[in-house]
Amino acid sequence: MNELVKAFETRKKEAKKAKYLKVKQNYKHAVDVPKGLYEKCPKCKETVNMTHMKKTLFTCKHCNEHFRMRAVDRIRLTVDSGSFVEKGLGFITLNPLFNEGYDEKIKSYQERTKLDEAYIYGYGEILGNPCVIGVMDSYFLMGSMGSVVGEKVTKSFEYAIYKQLPIIIFTASGGARMQEGIFSLMQMAKTSAAVKQHSNQGLLYISVLTHPTTGGVTASFATLGDIILAEPGALIGFAGPRVIEQTINETLPEGFQRSEFLLEKGFIDQIVDRKEMKQTLSQLLHYHKKVMG
Ligand SMILES: [Zn+2]
């Protein structure tokens, strides 16, 4: 245990040094795509200019494929300009099971993504409607849920209760974080309890499932929303299709675990195109305010 305390102290000093504890409201670092970078769309195989991604809301202009997005870009495209105030800063990721290479991995992701963990949240307004907004970043260790992500998700619900506000969470995750073992699995129960507490206050929780939302995140807060929305073509599931096929020894139907399939089965409420997301969320918040008002 002493080793853990020591590791915490060192990391705290480092974090201070790196100004991770500073309140960050300026997200200029979010889109640092080199000019003239082209990539092939995985769906239609057409060439897409990555420099213009912000204009097309990170979708393919040929086939409307929705690409993965960084959390900061999502926030910028969803909330009204200048309204976002980030909360829950200063959490430090530890290595409770002394997993080899985990510390280095975290550090390298922090440098690469300029985030301290795979989830950010705060206060924001969507077309004038106040809410708490939380976004998972799949570029940070596949948006996996470790102790810090679980704690921050819980905190975001607690903050929404404190402010008596609705909460919107955009999920994108590979599931529980393997490197943190049981500590990671515990977050499923903790976040689910936080959802329930928020719900007990009669407050609205909108969950937006984006590509990909899998594992422990699907099995906890992601699918506990009062209203569950999803982006088109998003992979949503618990275990991956290959694992299921091997287990049940059967071929799965086409489009299995995609949002369209899940809508048909009643698992989600609506598929919302990214271009209509802000409008849809603002409408839902507005209607809810009226009902509660
Ligand atoms: Zn395309």
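Scroll up a little and you will see the structure.
Residues numbered from 1 in each chain as written. Predicted model: local features only at pLDDT ≥ 70, side-chain atom pairs only at ≥ 80, totals over all residues. Heavy atoms only, no water.

(A) The arrangement of helix H2 (residues 71-78) in detail. Along H2, six of the eight residues are buried, which leaves the element largely enclosed by surrounding structure. The complete set of buried residues in H2 reads Ala 71, Val 72, Asp 73, Arg 74, Ile 75 and Thr 78. (Buried < 20%, exposed > 50% of the residue type's maximum accessible area, 1.4 Å probe, protein only. Helix = DSSP H or I, 4+ residues; strand = E, 2+ residues; numbered from the N terminus.)

(B) View of the coordination of the zinc ion. Protein coordination of the zinc ion is provided by Cys 41 (SG), Cys 44 (SG), Cys 60 (SG) and Cys 63 (SG), with donor distances spanning 2.3 Å. What the four donor atoms of the zinc ion show is an angle range of 107 to 111° at the metal, which sorts the shape as tetrahedral. By relative accessible area, which is 29% here, Cys 44 ends up partly exposed. What makes Cys 63 partly exposed here is its relative accessible area of 22%. (Donors = N, O, S within 2.8 Å, 3.2 Å for Na, K, Ca; no water. Tetrahedral: all angles 85-135°; square planar, octahedral: opposite > 155°, others 65-115°.)

(C) Fine view of the pairing of strand S8 (residues 227-230). Pairing between strand S7 (residues 205-213) and S8: four bridges, direction parallel. Looking at the pairing, Ser 207 lines up with Ile 228 of S8. Relative to strand S9 (residues 270-271), S8 runs parallel, the two being bridged by two bridges. Directly across from Leu 229, in S9, lies its bridge partner Gln 270. (Pairing = 2+ DSSP bridges.)

(D) Representation of the packing of aromatic side chains within the structure. Considering all chains together, one arrives at four aromatic pairs under this definition. Ring centres of Tyr 109 and Phe 140 lie 5.7 Å apart, and the angle between their planes is 45°; this geometry places the pair in the tilted category. Residue Tyr 109 is located in helix H3 (residues 102-113), and its partner Phe 140 is located in the loop between strand S5 (129-136) and helix H4 (147-163); the two are separated by 31 residues in the primary sequence. Ring geometry for Phe 157 against Tyr 205: centres 5.0 Å apart, planes inclined by 90°, an arrangement best described as edge-to-face. Of this pair, Phe 157 sits in helix H4 while Tyr 205 sits in strand S7, and the two are 48 residues apart along the sequence. Take Phe 157 and Tyr 205: they sit in the same class, and that class is buried. Over the aromatic face of Tyr 139 sits the side chain of Arg 68, whose NZ or CZ is 4.6 Å from the ring centroid. Over the aromatic face of Tyr 139 sits the side chain of Arg 70, whose NZ or CZ is 4.3 Å from the ring centroid. (Phe/Tyr/Trp six-rings, centres within 6.5 Å; stacked < 30°, edge-to-face > 60°. Lys NZ or Arg CZ within 6 Å of the ring centre and 35° of its normal.)

(E) The arrangement of the pairing of S7 in detail. Burial within S7 is extensive, with eight of its nine residues counted as buried. Looking at chain direction, strand S6 (residues 167-173) and S7 are connected through six bridges and run parallel. Looking at the pairing, Thr 171 lines up with Leu 209 of S7. Taken together, S6, helix H5 (residues 181-200) and S7 constitute a β-α-β crossover, and its handedness is right-handed. (Right-handed = clockwise from strand over helix to strand, strands pointing away.)

(F) Region of the structure containing the side chain of Asp 80. Among the secondary structure elements, Asp 80 is positioned in the loop between H2 and strand S3 (85-87). Dropping the residues within four chain positions of it, Asp 80 is found in contact with Glu 125, Ile 126, Leu 127, Gly 128 and Lys 278. (Contact = heavy atoms within 4.5 Å.)

(G) View of the sheet that holds S7. Read across the open sheet, the seven strands follow the order S3-S4-S5-S6-S7-S8-S9; overall the sheet is mixed. With partners counted over all chains shown, the strands left at the sheet margins are S3 and S9, one partner each.

(H) Summary view of the nonpolar core. Counting residues in each nonpolar core, the largest one holds 57 residues, and the members touching the most others are Ile 168, Ile 206, Phe 221 and Leu 281. When residues no more than four places from it in sequence are discounted, the contact partners of Phe 221 are Met 136, Met 145, Val 153, Ile 169, Thr 171, Thr 191, Ser 192, Val 195, Tyr 205 and Ser 207. One finds Cys 41, Met 50, Met 53 and Cys 60 within the second-largest nonpolar core, a separate group that totals eight residues. (Core = buried A, V, L, I, M, F, W, Y, C linked by side-chain atoms within 4.5 Å.)

(I) Highlighting the packing of H4 against H5. Two numbers describe how H4 lies on H5: the axes approach to 8 Å, and their chain directions differ by 10°. Looking at the two axes, H4 sits roughly parallel to H5. Where H4 abuts H5, its residues Ser 147, Gly 150, Glu 151, Val 153, Thr 154, Phe 157, Ala 160 and Ile 161 lie against Phe 183, Gln 187, Lys 190, Thr 191, Ala 194, Val 195, Gln 197 and His 198. Among the residues forming the contact of H4 with H5, the class breakdown is seven nonpolar, seven polar and two charged. (Axes fitted to C-alpha atoms, helices over the stretch in contact; angles between N-to-C directions. Parallel < 35°, antiparallel > 145°, perpendicular 65-115°, else oblique. Nonpolar A, V, L, I, M, F, W, Y, C, P; charged D, E, K, R; others polar.)

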